[in-house]
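# Summary of structural features
If you want the building blocks of each chain, they are given just below.
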Amino acid sequence: MGTILKVHDINVYYGAIHAIKGISFDVNEGEIVTLIGANGAGKTTSLHTVSGLLRSRTGSVEFCGEDISRIPAHKIVERGLAHVPEGRRIFLQMTVEENLQMGAFIRKGDLSEEYEKVYELFPRMKERRKQIAGTLSGGEQQMLAMGRALMSKPKLLMLDEPSMGLAPLLVEQIFEIIRDLHKAGTTILLVEQNAQMALSVADRAYVLETGKITLSGTGKELAASEEVKRAYLGG
């Protein structure tokens, strides 16, 4: 099992604000790795730096053995890294099917196999494929955002706050889908405020606090940690 993503000593600034302070983490092929932490801890900034939307002043981001820290975001997608952003960011005026098509912009030729896989995972998307995406519920929009990312057949899927704003039953459903993706061999980097759910699916986890990694270990180890329980699990 090789390392698919290696983030080394990244420092990211928003103007004078030092948002990410020299963090390093990695993701191995076939794993679910989660970054947990409070709001403003730097989780989303970390994902944006990996996917090329932000630049680090130091260090490197290696994906499949290549340093991608100076490569434009759309070229990173071509290399097999897909990012489902916080807040879904689907194309609200387009149909479900058109949104999925947008996710496959790097692919040539027949997409029927990709559509089938997405519809198998998200049967509701098949039922609503001609529906305007803006009319979908929050949970359905999250499913569409994930389906759109999967259309590019990513080697690594990054999910930013997939449970945000969803009812508990839908949160369960989204995490069930994450488990299914994992079982099917998808490597996942997950950013999630719902620490309990994130740790329940993660092989390994990192805790971010004010731009620094303060703890790391297996999902089980961190779920059992008194420090994590106190800070994030209401224990």
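The structure this text deals with has already been given above.
Figured I'd write up the structure that's included with this text. Note that the structure is predicted; figures quoted are calculated from it, not measured.

Turning next to the environment of Val 207. Here Val 207 shows up in strand S9 (residues 204–209). Relative accessible area serves as the criterion here: at 1%, Val 207 is assigned to the buried category. Val 207 has contacts with Ile 36, Lys 212, Ile 213, Thr 214, Leu 215, Leu 222, Val 228 and Tyr 232, leaving out every residue within four places of it along the chain.

Let us now look at helix H6 (residues 138–150). Counted at 1.5 Å a residue, the expected span for H6 with its 13 residues is 18 Å, and the 19 Å between its end C-alpha atoms agrees. Most of H6 sits inside the fold, with 12 of its 13 residues counted as buried. Among all positions in H6, only Gly 139, Glu 140, Gln 141, Gln 142, Met 143, Leu 144, Ala 145, Met 146, Gly 147, Arg 148, Ala 149 and Leu 150 are buried. Taken together, the buried residues of H6 touch strand S6 (81–84), helix H3 (96–103), helix H4 (112–121), helix H5 (123–127), strand S7 (156–160) and helix H7 (168–183).

Right, let's get into the pairing of S6. Residue alternation in S6 divides its side chains into two sets, Leu 81 and His 83 and Ala 82 and Val 84, and both sets are buried. With 4 bridges connecting them, S6 and S7 associate as parallel partners. Of the residues in S7, the one forming a bridge with Val 84 is Leu 159.

Looking at the largest pocket, its volume works out to about 540 Å³. Considering the residues around the largest pocket, the lining is formed by 24 residues, among which Val 77, His 83, Pro 85, Phe 105 and Arg 148 are closest to the centre. Contributing elements (two or more residues each) for the lining of the largest pocket: helix H1 (43–50), helix H2 (73–78), S6, H3 and H6. For the lining of the largest pocket, the residue count by class is 13 nonpolar, 7 polar and 4 charged. Here the second largest pocket is characterised by a volume of approximately 380 Å³. Forming the boundary of the second largest pocket are 15 residues, of which Lys 117, Leu 150, Leu 181, Ala 184 and Thr 186 lie nearest the centre. Breaking the lining of the second largest pocket down by element, the ones donating at least two residues are H4 and H7.

The full count for this structure, using the stated rule, is 2 aromatic pairs. Summarising the aromatic geometry, the rings of Phe 25 and Tyr 206 are spaced 5.8 Å apart at their centres and angled 55 degrees between planes, so their arrangement reads as tilted. Taken together, the residues Phe 25 in strand S2 (residues 17–28) and Tyr 206 in strand S9 connect sequence positions 181 residues apart. In this structure Phe 25 comes out as buried when scored by relative accessible area, which is 2%. Assessed through its relative accessible area of 7%, Tyr 206 is described here as buried. Measuring from centroid to centroid gives 6.1 Å for Tyr 115 and Tyr 119, while their planes differ by 15 degrees, and the two rings are stacked. Pair noted here: Tyr 115 and Tyr 119 are both in helix H4, with a separation of 4 residues, about one helical turn. We classify Tyr 115 as buried; its relative accessible area is 14%. Here the guanidinium or amino end of Arg 57 rests over the ring plane of Tyr 13, the centre of that ring lying 3.7 Å away.

Parameters and conventions
- Residues numbered from 1 in each chain as written.
- Predicted model: local features only at pLDDT ≥ 70, side-chain atom pairs only at ≥ 80, totals over all residues.
- Heavy atoms only, no water.
- Helix = DSSP H or I, 4+ residues; strand = E, 2+ residues; numbered from the N terminus.
- Buried < 20%, exposed > 50% of the residue type's maximum accessible area, 1.4 Å probe, protein only.
- Contact = heavy atoms within 4.5 Å.
- Expected span 1.5 Å × (residues − 1).
- Pairing = 2+ DSSP bridges.
- 1 Å grid on protein atoms, 1.4 Å probe; cavity = no way out; pocket = protein on both sides within 12 Å on 5 of 7 lines; lining within 4 Å.
- Points joined across faces, edges and corners; volume = space filled by probe spheres on them.
- Nonpolar A, V, L, I, M, F, W, Y, C, P; charged D, E, K, R; others polar.
- Phe/Tyr/Trp six-rings, centres within 6.5 Å; stacked < 30°, edge-to-face > 60°.
- Lys NZ or Arg CZ within 6 Å of the ring centre and 35° of its normal.

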